[in-house]
Amino acid sequence: MDFSELENDNTGRCRLNSPVPLVCLKEACVLGVDEAGRGPVLGPMVYAICYCPLSHLADLEALKVADSKTLSESERNRLFAKMEEDRDFVGWALDVLSPNLISTSMLGRVKYNLNSLSHDTATALIQYALDQGVKVSQVFVDTVGMPETYQKRLQQCFPGIKVTVKAKADSLYSVVSAASICAKVARDQAVRNWRFVERLQDFDADYGSGYPNVCPVQLAHSYGHPGEGGRRCCVGGLNSRGPGECWEDHLLLP
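Basis of the calculations
- Per chain, residue numbering runs from 1 following the sequence as it is written.
- This being a predicted model, a pLDDT of at least 70 is required before a residue's local features are given, and a value of 80 or more before pairs of side-chain atoms are given or counted; all residues contribute to the totals for chains, interfaces and linings.
- The basis for every side-chain value is the complete set of non-hydrogen atoms in the structure, without hydrogens or water.
- Strand pairing requires that DSSP identify at least two bridges connecting the strands.
- Working definition: helices are DSSP H or I runs of at least four residues, strands are E runs of at least two. Numbering for both runs from the N terminus.
- Orientation is described by lines fitted to C-alpha atoms, with helices fitted over the stretch in contact, and by angles between N-to-C directions that extend from 0 to 180 degrees.
- By definition in these notes, contact holds between two residues if any of their heavy atoms fall within 4.5 Å.
- For every residue, the accessible area obtained with a 1.4 Å probe (protein chains only) is divided by the maximum for its type, and the residue is called buried under 20%, exposed over 50%, and partly exposed between those limits.
- Think of a patch as exposed residues, more than 30% relative accessible area, with no salt bridge, where like charges cluster within 9 Å and nonpolar side chains (Val, Leu, Ile, Met, Phe, Trp, Tyr) cluster within 5 Å.
- Computed by Shrake-Rupley with a 1.4 Å probe, the accessible areas treat only the displayed protein chains as cover when residues are assessed.
- Definition used for salt bridges: Asp or Glu carboxyl oxygen within 4 Å of a side-chain nitrogen of Lys or Arg.
- The charge count treats Lys and Arg as positive and Asp and Glu as negative. His and the chain ends do not count.
- Where a charge sits is defined by one atom per residue type, namely NZ (Lys), CZ (Arg), CG (Asp) or CD (Glu).
- Pairing of aromatic rings covers Phe, Tyr and the six-membered ring of Trp, with a centre-to-centre limit of 6.5 Å; geometry is then stacked below 30 degrees between planes, edge-to-face above 60, and tilted otherwise.
- Our definition puts a charge over a ring when NZ of Lys or CZ of Arg is within 6 Å of the ring centre and also within 35 degrees of the ring normal.

A.B. asks: I'd love a proper account of the sheet that holds strand β5 (residues 136-142), names of residues and values included.
C.D. replies: The mixed open sheet is built from six strands, whose spatial order is β1-β4-β3-β2-β5-β6. The sheet is open, and its two borders are formed by β1 (13-17) and β6 (162-166), each paired with just one other strand. Ignoring strand direction, the axes of neighbouring strands in this sheet form an average angle of 15 degrees. Contacts from helix α8 (residues 174-192) reach β2 (29-36), β3 (45-53), β4 (91-97) and β5 within the one sheet, and its direction differs from that of β2 by about 40 degrees.

A.B. asks: Please provide a residue-by-residue account of unusual backbone geometry, values included.
C.D. replies: Unusually for a residue other than glycine, Lys64 sits at a positive phi of about 65 degrees. One can find Lys64 in the loop between α2 (57-62) and α3 (73-85). In this structure Lys64 comes out as exposed when scored by relative accessible area, which is 67%. With a phi close to 60 degrees, Lys168 is a non-glycine residue in the positive phi region. Relative to the assigned elements, Lys168 resides in the loop between β6 and α7 (169-172).

A.B. asks: Can you explain a negative patch on the surface? Please cite residues and give values.
C.D. replies: Taken together, the side chains of Asp2, Glu5, Glu7 and Asp9 make up a negatively charged region of the molecular surface. Inspection of the secondary structure assignment puts Glu5 in helix α1 (residues 4-8).

A.B. asks: Could you give an account of the packing of aromatic side chains, naming the residues involved and the relevant values?
C.D. replies: Taken as a whole, this structure holds two aromatic pairs when the rule is applied. Relative to Trp92, the ring of Phe80 has its centre 5.7 Å away and its plane inclined at 55 degrees; by these criteria the two rings are tilted. On the criterion of sequence distance, the pair formed by Phe80 in helix α3 and Trp92 in strand β4 is long-range, its members being twelve residues apart. For the pair formed by Phe80 and Trp92, the shared burial category is buried. One Lys or Arg, Arg15, reaches over the ring of Tyr128 and ends 4.7 Å from the middle of that ring.

A.B. asks: Can you lay out the side chain of Thr143 for me, pointing to particular residues and giving the numbers?
C.D. replies: Mapping Thr143 onto the fold places it in the loop between β5 and α6 (147-157). Once you skip the residues sitting within four places of it in the chain, Thr143 turns out to touch Tyr150, Val165, Lys166 and Ala167.

A.B. asks: Give a detailed account of the pattern of salt bridges, specifying residues and quantitative values.
C.D. replies: According to the stated counting rule, one finds ten salt bridges in the structure shown. Here Asp188 makes a salt bridge to Arg76, at a shortest N to O gap of 2.9 Å. Pair noted here: Asp188 is in helix α8 and Arg76 is in helix α3, with a separation of 112 residues, a long-range link. Looking at Asp188, the relative accessible area reads 8%, which means it is buried. With a relative accessible area of 8%, Arg76 lands in the buried category.

Next comes the structure, spelled out in structure tokens:
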């Protein structure tokens, strides 16, 4: 992936894409949407689409793609390289959104929250595939917010396409798993080569991909709850983890 545009200016956004396979211009295709970097400590949020003809869906499944969060970095890189080898039937596109752009959107006088930004980015990527001539007939999306509302919105935008929006779609549909891998591989590369505007000196660059190590602990636990391996916890905010479930985020500190 060529991130030269982002490396020259990482305050905005950039789009990357593979060549469109010729077969995707002729045959009905399935397209998946997922993201990486929603709510990280550092680095961009990356939205990705991946698509292939329905006639080649079994070939994509044969690669054994999976939710990127369940894979090691080496496994993700290997699978992405394999998808690159299969360019005759697999295509992808990315939208990389910088932290600066996200913060400016959310803190502006006219509020533009992260869910709306996510929805609009996904919609634009689907439209981008259509504009490139990809014959999209089905779309599968990993939800942001309420899946029913999100699906209704996308279905209105693309009335000629069957749209399915579900939680954990990246573990249910291989084409969304493939999009998840594309997004995470791109984000890892972006973070690895990130140029900090603060011009930091003499700092440890081994900071991973920007996600804190979070230990979910039930609300009954106290502020002094011990972490794993004898480490102490710093209690974070409250997060809804599903119907009737509310948890504290405990950040494990050395």
